[in-house]
Amino acid sequence: MKVALVLPPHSFEERYNKAIAKAAGTFPPLGILYIGAVLEKAGHKVIVLDGSMKDIFEINEAIYKFEPDIIAVNVMTFLWDKVKTWTMDMKAKYPKVFIAAGGHHVTQIKEKALIECDSIDAILLGEAEFAMDNLANALEKGKELAGMTGIITRNKDGKIISGPPAPRLENLDEIPFPARHLLNIHDYVPALEQYRRLPVTNMITTRGCPYKCIFCSSGNTKAYYRSPQNVLEEIKVLVNKYGIKDITFWDDTFTLNKKRVLELMELIKKEKLDLIWCCNSRVNTLDRELLKEMSEAGCWKIFFGVESMNQKQLNTLKKGVLAPQIHAAIKGCKEFGIESECSFIFGIPGETYQEGLQTIEEIKKLDPDYAKFFPMTPLPGTEFDSIAASTGTIVDNDLSKRTENQMVYVPNTMKAEELQSLLKIAYKKFYFRPTYVAKRVLKLRSIEDIKKAWKGVRAVASI
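Calculation notes
- Residues numbered from 1 in each chain as written.
- Predicted model: local features only at pLDDT ≥ 70, side-chain atom pairs only at ≥ 80, totals over all residues.
- Heavy atoms only, no water.
- Helix = DSSP H or I, 4+ residues; strand = E, 2+ residues; numbered from the N terminus.
- Rg over C-alpha atoms; globule rule 2.2 N^0.38 Å.
- Buried < 20%, exposed > 50% of the residue type's maximum accessible area, 1.4 Å probe, protein only.
- Contact = heavy atoms within 4.5 Å.
- Pairing = 2+ DSSP bridges.
- Axes fitted to C-alpha atoms, helices over the stretch in contact; angles between N-to-C directions.
- Polar contact = N/O pair within 3.5 Å; in protein donor to acceptor, adjacent residues only side chain to side chain.
- Parallel < 35°, antiparallel > 145°, perpendicular 65-115°, else oblique.
- Left-handed = near helix turned anticlockwise from the far one by under 90°.
- Nonpolar A, V, L, I, M, F, W, Y, C, P; charged D, E, K, R; others polar.

K.L.:
Would you take a moment to explain the overall build of the chain for this structure?
P.N.:
Along the chain, the regular secondary structure elements total 18 helices and 17 strands. Radius of gyration (C-alpha) of the chain: 22 Å, near the 23 Å computed for a compact globule of 463 residues. For the C-alpha atoms alone, the extent of the chain along its principal axes is close to 65 × 55 × 40 Å. Classification of the 463 residues of the chain by burial places 54% in the buried group. Considering only residue pairs separated by 6 or more positions, the chain has 73% of its internal contacts joining residues 24 or more positions apart.

K.L.:
Would you take a moment to explain the environment of R440 for this structure?
P.N.:
Here R440 shows up in helix α17 (residues 434-442). In the structure, R440 is positioned 145 residues away from S295 in sequence and 20 Å away in space, judged by C-alpha atoms. Dropping the residues within four chain positions of it, R440 is found in contact with E339, D369 and Y370.

K.L.:
Whenever I open this one, the sheet that holds strand β14 (residues 339-346) confuses me. Can you help?
P.N.:
With respect to topology, six strands assemble into an open sheet ordered β8-β11-β12-β13-β14-β15, the strand pairing being parallel. Looking at strand neighbours, the two that pair on one side only are β8 (200-203) and β15 (370-375), the edges of this open sheet. The mean angle between the axes of side-by-side strands here comes to 20 degrees, regardless of whether they run parallel or antiparallel. Sheet topology note: the β14/β15 ladder contains six bridges and is parallel. The residue bridging S343 from the neighbouring strand is K372, located in β15.

K.L.:
How should the environment of E361 be read in this particular structure?
P.N.:
Residue position: E361 is located in helix α14 (residues 353-366). Its relative accessible area of 31% is what places E361 among the partly exposed residues.

K.L.:
What exactly am I supposed to notice about the side chain of T285 here?
P.N.:
Structurally, T285 can be placed in the loop between β12 (276-281) and α11 (288-296). For T285, a relative accessible area of 13% puts it in the buried group. Within polar-contact distance, the side chain of T285 engages the side chain of T255 at 2.7 Å. Within the structure, T285 has its side chain in polar contact with the backbone oxygen of R282 (distance 2.8 Å). Not counting residues up to four positions away in its chain, the partners in contact with T285 are Y211, T253, T255 and L290.

K.L.:
Just checking my understanding: could you explain the packing of helix α4 (residues 56-66) against helix α5 (residues 80-93) for this structure?
P.N.:
The description of two packed helices rests on the angle between their axes and on the distance between the axes. At a closest axis distance of 12 Å, the pairing of α4 and α5 adopts a crossing angle of 30 degrees. In terms of their interaxial angle, α4 and α5 are classed as roughly parallel. Read as a crossing pair, α4 and α5 show a hand that is right-handed. Contacts between α4 and α5 pair I56, I59, N60 and I63 from the former with W86, D89, M90 and K93 from the latter. For the contact of α4 with α5, the per-class residue count stands at five nonpolar, one polar and two charged.

As structure tokens, then:
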């Protein structure tokens, strides 16, 4: 079968907002590259069309030339309305093409996706690698799809049939490495603070997150891990085949299993690769031993979803951390020469404007190397989505605004203009501190550093 894997076309302004877009970038879409690898291993022909790099005309032209049997589209919430329109156009042009949709949004709304969009023939739920493979094999052999594991589709009478949920993929070492050859990974440059050296790319070494943050749709699940040896093999492919010099480990929490991370650090150090890397972590999963080993193995930055410096707000978010742990983690990063990046949320249920201002002052005292600020956003499938209407006001129901970068919710304890003000004040007060500016200037080492810094200044100044 010929399968076109598509990430719908979108601009950085749509995905983020006009200000942040000035400093934004993107990584290769690992989700559909994993699916591509599984499909190719099974003998199917695959193309990957990434809408963060191609416009609608380029994608349509590629589909016309490839003549796929299946179009599989990855759906994010803010792109759902676009997907409905685009798949309708595809079905009109190519009525015999089977159209499947997967990704976070349709996994959350399930059967509703097929009700809302007649042009989509099937929904793939959750981890879709093997569900997509089974779907392609069944279509190739003319088998009935209704009732297949991990798939929602229509039977011959048009009735929507949900198959049993697919089991989680537990042995991640069995999954082939992402099919990066299906696109040019050197075309991708992430946001300015997400890399230090080029070429850079991303990897995933775990799946799942056991924590229960109310705003997150990927939490409250068991975590599964790739073995350190399997991770090292992919790192070596990236370094030796693609010339990669900087990797971002895109796991929800790279440091969940200390023993595993320490073993991986030893393997990386023994290889003596020309490589640096960064990762996502939680402040309550680090200690001095782990930070020391990570630093020695090439870690240059850690991203933390801190979200608030106010313990009341942290408890509301069900972060499961204490404010002193936040300070300890950032202090530890400084001690071992690792940069830190922290995200923060404003407009948390029950938060007042004054508490937001106090949080900004605490963030300045924390003094991470980078900070990002987001409005509280109700995403489908999250606990917060179920309580948003009772704790505040949904000021914009447009799904295209559900990007976590645009204000769609205001808590009852705050005015909309106050929330907008907090987001602006936070960026200006954090990044335009004389001490911060001086620190960043002293770290400039190249023309590339200067270009990145200027992009950041332009982005913050336009907020």
